[in-house]
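Take a look at the letters that make up each chain.
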Amino acid sequence: MLTTWSIARSPGRGAIVRHKLRTLPRKLLSLAAKLLSIVILKLAICIAPAVGAVRLRCGRPRTLWGVTPILTLQLKARADRALGFRSISLVYVTYVVTSRFDLNLQQPYVLALKSGLGLAFQRLVLAWALVRYDVFHFFADRGLLESTERLQINSEELAALRRARKRVYIYAYGADVRTRLATLALGRWNFCVDCTEPPKYCTCHDADAQRYVSELSKSVTALVSLGDMLAYMPAAKHINYWPLDMDRFNAVFPETPSGPLRIAHAPNHTHFKGSKYLERTIDRLKVQGYDIEYCKIQGVPNSEVLALFAKSDIVADQFIGGAYGYTALEAMALGKPVLSFVRSPDLVEAPEECPIINATPDELEQAVLWVIRNRDSLRKIGEQGRRYVERWHGISAIAARLGQLYRDTANFPPHVVDRIRSQQEQEEARRNSIPLVRNWQHPFQIARQPASEGLSALAGTTP
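Residues numbered from 1 in each chain as written. Predicted model: local features only at pLDDT ≥ 70, side-chain atom pairs only at ≥ 80, totals over all residues. Heavy atoms only, no water.

Along the backbone of the protein there are 16 helices and 12 strands. When its C-alpha atoms are laid out on the principal axes, the protein stretches across 90 × 85 × 40 Å. Across the 463 residues in the protein, those meeting the buried criterion constitute 55%. In the protein, of all internal contacts separated by at least 6 residues, the share reaching a separation of at least 24 is 73%. (Helix = DSSP H or I, 4+ residues; strand = E, 2+ residues; numbered from the N terminus. Buried < 20%, exposed > 50% of the residue type's maximum accessible area, 1.4 Å probe, protein only. Contact = heavy atoms within 4.5 Å.)

Right, dumping it as structure tokens:
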């Protein structure tokens, strides 16, 4: 038997030296960029308080919203502009859902990463932001500097914001604060019930997350939360901060019932939205002879999702988390009834006005049956949904709530507070000018959800 030996030759000393010489300019550039960015950041920290004080005396605070590319980020910046602030949204990357942000730094950031200058680039962005902006709004998973910890804001950045005397608000969107034990304690239906890969999607580890949230609360102006995220940030301010640009939505109310009931569903992660329970319910009802057309869409731009919703009779949101998502608000803006699960009226703005058809997976079949048997009611439910989001979720409505947050926590000069108060008064007048729809009520309202054992009987009734 012959054996073949392959002997790898070690590079000669000359080759090693030549390689080091070739990489030396890049290493020197990286070192120089690192040192320069540190110096510039320290300089920005020193001058930022004085620059910001001058701006506030002039009554023109500037706010920055970043960096997680949430769909509503630039709308929140618009809400601040409605208060008279100069505000922008800033991101380093975008998702497929949208790329609409005021300042998208994806291209220069990618180039910096390829050159090994990513952190230096981010330090320069932070230095620029410290001098230019007075109020910083971040989600809990990231800031302007890359973090050394998963789903956390860099401690160096938090320290810089403190030393520069910035007002800092930290928000939650879900996965950035959601932990396993706290979620399981919510009851039978929760986001962990069908999770296949903890901790892939969320923070998960309760002790670590609680420690992080505790540290945040000591470092920032305020923590802000809503919906199901309140369970993980109990000391946070409760403010509904999901705004809608109502000009983007032309209502298409359900038509006179004919043909199959068209149900649309647009989950980002099906196991977090309870999609399988919805689909099992639809399959069972189809077997019983009910005519249902089901369309699910994923991983496409937001415009395609809205186009699907416009063609539907009803939109299915989510069924295990216990709070409706942004999908529900968009569907209501389009005049569509929404099927979802909301754990408590306390999680909803003006629950007595909210027309969501509320159902857990255990109650889905009864709820869908009621919809099938009462399709004449869907138009009024859709009309009330449109009025509901016009009253409570437009940009000016979110601006008024952010204005109250500032009044409570920001310690702005009196003339800035007066401008905020004026906007809030205008917003209250605007909201009161929008009438509610009459006779839209149904048995599955969030504000008066009946006991689960009574739902079977209700499925066959009319309002």
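There is more to say, and it comes next.
Before going further, it helps to examine the confidence of the model for the protein. Per-chain confidence: the protein averages 89 in pLDDT, with 91% of residues scoring 70 or above. Contacts for the low-pLDDT stretch residues 1–8, under 50 throughout, to residues beyond four places or in other chains number zero contacts. With pLDDT under 50 throughout, residues 450–463 is counted as low confidence; its partners more than four residues away or in other chains account for 25 contacts. (pLDDT = per-residue confidence, 0-100.)

One simple way to see leftover space: roll a probe sized like a water molecule over the atoms. If you walk through the whole model with that rule in mind, you get one cavity of 30 Å³ or more. One number sums up the size of the largest cavity: a volume of about 40 Å³. Around the largest cavity, the lining residues are Arg178, Phe191, Cys192, Cys195, Tyr201, Cys202, Cys204 and Phe272. (1 Å grid on protein atoms, 1.4 Å probe; cavity = no way out; pocket = protein on both sides within 12 Å on 5 of 7 lines; lining within 4 Å. Points joined across faces, edges and corners; volume = space filled by probe spheres on them.)

With that settled, consider the packing of helix α11 (residues 326–333) against helix α13 (residues 378–392). Axis separation between α11 and α13 bottoms out at 7 Å; the angle between their running directions is 115°. Classed by the angle they form, the pair α11 and α13 counts as roughly perpendicular. For α11 against α13, the interelement crossing comes out left-handed. Of α13, the residues touching α11 (which contributes Leu329, Met332 and Ala333) are Gly382, Gly385, Arg386, Tyr388 and Val389. In terms of residue class, the contact of α11 with α13 is made up of five nonpolar, two polar and one charged. (Axes fitted to C-alpha atoms, helices over the stretch in contact; angles between N-to-C directions. Parallel < 35°, antiparallel > 145°, perpendicular 65-115°, else oblique. Left-handed = near helix turned anticlockwise from the far one by under 90°. Nonpolar A, V, L, I, M, F, W, Y, C, P; charged D, E, K, R; others polar.)

If you look at the biggest cluster of nonpolar residues, it comprises 111 residues, and the most contacted ones within it are Leu130, Phe136, Leu144, Tyr406 and Phe412. A per-element tally of this core places helix α4 (residues 118–132) first, with seven residues. Apart from residues no more than four positions distant in its own chain, Leu144 is found in contact with Val67, Leu90, Tyr92, Gln122, Val125, Leu126, Ala129, Phe136, Phe138 and Glu157. Counting residues in each nonpolar core, the second largest holds 26 residues, with Leu261, Ile314, Ile357 and Leu369 among its members. (Core = buried A, V, L, I, M, F, W, Y, C linked by side-chain atoms within 4.5 Å.)

Inspection of the secondary structure puts Lys311 in the loop between α10 (302–310) and β10 (314–316). Taking the relative accessible area as the measure of exposure, Lys311 reaches 63% and is therefore exposed. Distance from Lys311 to Phe444, taken between C-alpha atoms, is 24 Å for residues 133 residues apart in sequence.

Taken together, the side chains of Leu36, Ile40 and Leu124 make up a nonpolar region of the molecular surface, amounting to roughly 240 Å² of accessible area. Within the secondary structure, Leu36 is located in helix α1 (residues 13–57). On the basis of relative accessibility, which here comes to 52%, the residue Leu36 falls in the exposed class. (Patch = residues over 30% accessible without salt bridge, like charges linked within 9 Å, V, L, I, M, F, W, Y side chains within 5 Å. Areas by Shrake-Rupley, 256 points an atom, 1.4 Å probe, with all protein chains shown as cover. Salt bridge = Lys/Arg side-chain N within 4 Å of Asp/Glu carboxyl O.)

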